[in-house]
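Letter by letter, the chains look like this.
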Amino acid sequence: MKINIGYLLYKRAMLSPKMEALVVGDVRRSFPELNAGANRVANAMRKMGVQRGDRVAVLALNDPEYLELFFGLAKIGVVMVPLNHRLAPPEVAYIANDCGTQTFIFGKEFTPVVEAIRGQIPAKTFIGIMDDPPAWARPYRAVMDAPATEPELVGGDDDTLTILYTSGTTGRPKGAELTHNGYYHTSVDLKATLGDVGTRMLMPLPLFHIGALAPVPMCAHFGSTMIFQRAFEPAEFLKLIQTEHISWFGSVPQVLMFLRSVPQFETFDWSTIKLALVYAAPVPVPLIKAFAEKGMEVRQLYGLTECTGPASVIDGEWAVKKAGSCGPPFFQTDIRVVDLEGKDCAPDVPGEVLMRTTHLMKGYYNNPTATAQTIIDGWLHTGDIAKMDADGFLYILDRKKDMIISGGENIYPAEVEECLHAHPAIADVGVIGIPDETWGEAVKAIVVLKKGESLTQEALIGWCRDKLARFKTPKQVVFIDQIPRTPTGKILKRVLREQFK
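Nothing here was measured: the structure is a model prediction, and the numbers come from that model. (Residues numbered from 1 in each chain as written. Predicted model: local features only at pLDDT ≥ 70, side-chain atom pairs only at ≥ 80, totals over all residues. Heavy atoms only, no water.)

1. Side note on the packing of helix 1 (residues 5–15) against helix 2 (residues 31–48)
Stage number 1. Contact pair helix 1 / helix 2: the axes reach a minimum separation of 8 Å and the direction vectors enclose 145 degrees. In the crossing of helix 1 with helix 2, the sense of the turn from one axis to the other is left-handed. Contacts between helix 1 and helix 2 involve L9, Y10, R12 and A13 from the first element and F31, P32, L34, N35 and A38 from the second.
Stage number 2. For the contact of helix 1 with helix 2, the residue count by class is seven nonpolar, one polar and one charged. (Axes fitted to C-alpha atoms, helices over the stretch in contact; angles between N-to-C directions. Helix = DSSP H or I, 4+ residues; strand = E, 2+ residues; numbered from the N terminus. Left-handed = near helix turned anticlockwise from the far one by under 90°. Contact = heavy atoms within 4.5 Å. Nonpolar A, V, L, I, M, F, W, Y, C, P; charged D, E, K, R; others polar.)

2. Comments concerning the environment of E458
Stage number 1. Structurally, the position occupied by E458 is in helix 15 (residues 457–465).
Stage number 2. The exposure class assigned to E458 is exposed, which follows from its relative accessible area of 57%.
Stage number 3. Along the sequence, E458 and P284 sit 174 residues apart, while their C-alpha atoms lie 23 Å from each other. (Buried < 20%, exposed > 50% of the residue type's maximum accessible area, 1.4 Å probe, protein only.)

3. Quick look at the packing of aromatic side chains
Stage number 1. For the structure shown, the criterion picks out 14 aromatic pairs.
Stage number 2. With 6.2 Å between their ring centres and 45 degrees between their planes, F232 and F258 make a pair best called tilted. Taken together, the residues span a long stretch of sequence, with F232 in the loop between strand 11 (225–228) and helix 10 (234–243) and F258 in helix 11 (residues 253–261) at a distance of 26 residues.
Stage number 3. The class for F232 is partly exposed, based on a relative accessible area of 25%.
Stage number 4. Put simply, the rings of F104, F106, F126 and W136 pair up and form one aromatic cluster.
Stage number 5. The side chain of R336 reaches across the aromatic face of W379, ending 5.2 Å from its centre. (Phe/Tyr/Trp six-rings, centres within 6.5 Å; stacked < 30°, edge-to-face > 60°. Lys NZ or Arg CZ within 6 Å of the ring centre and 35° of its normal.)

4. Focus on the sheet that holds strand 15 (residues 309–313)
Stage number 1. The eight strands are arranged 2-1-11-10-12-13-14-15 in an open sheet whose pairing can be described as mixed. Of all strands in the sheet, those with a lone pairing partner are strand 2 (27–30) and strand 15, marking the two edges. Strand-to-strand twist across the sheet, computed as the mean angle between neighbouring axes with direction ignored, equals 25 degrees.
Stage number 2. In this structure, strand 1 (residues 20–24) lies alongside strand 2, joined through four bridges in antiparallel fashion. (Pairing = 2+ DSSP bridges.)

Now the structure itself:
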């Protein structure tokens, strides 16, 4: 029997017919109702002539239809390509061409984007998630008006289920092929490692991000309700925690920063939450401690699109004691930290993170060269720099390519950023290397101040001197209104380097 992610939804609908599966705004669906919607998608797509292995691109917010498509396409062996809805039209066109999509499904908010590129991509069929799409597109509900009967399952195991394109912080994005097996084993790994997290998940992240998509099969597999925000709104998020009796949520550091700024934060009751998983970027230690003071357990998770999500996570017992660590590897995952020669580093010595797991990607779509450079002898070479302490706890320091070398000393921007985040006047910060005639490179800090605060370059540099080694202390400081970031919260260092050469 093959593992097919669509089958998980079918079984959960049979086993838990009264359980709520999905909540998005005013829409509430039980598992049987969600499964019926997925079946309509599967049967409609088959009728349209969409075949096993075809790619269907989806450009939408976290609409209920997104989940119907995910499970429905899985049932008939079709590949879903979730598109980052914050990309510019040329970037969306690049991905659509790279994956060769013939079917393009989009939400009403993105009609102008699709209008701008539809003549530049191979898609022949356009479907709008709206009642009145433009003349060149068909309405989603009319297209999916097919029988809700269970379709014959097609494909599974190591067949590609989704192609998720990486953020492209250093160049053209690459499409990570994630399989049915990969999502299934991610579900098992999350459950085996996290244990009992309750049965009501709140997710503010967009479904084109692996952090939002990876838990979806787990919710069907083990029986949990998925509560999604169409788009993140901090005050509504806090309200949903209480009204929906949320037991856990996923986020990125910026979500926690926004929540902390909501007026209700100081008096908010977090008692229903078993844990908050935070991923995509290191969580500043002051932020972890701020939530810990409120009784909130923030668990830093390290993961990648290329491994279908999870790699390591800190346990609640150690979240504050080893603040800044993303913990030991997940149950079904091995991690090494190696030097330039590929040898294991001693404890607390920085090196590149290598990992192997049961949920590794198949490879990069249509890019065998990049795949061969990334997966070597079964180990994923992440390009991330980290150290592992004697207890096996991982500390992510930075991206390999973002490391600053000054006078032969390695400087990890995340370490400097961590220090700067502790300054009471600073709201956000990014650190880059700049050319230095004497030392090769020096540190430059790009800083966003909190509203109403003032600070000078000289004052901040002086503040750092007591907290950082001299070679790590910023030589220049620039104050700006906003740090450029990817939709998942990673600082766009490439953009900062270009802007502040």
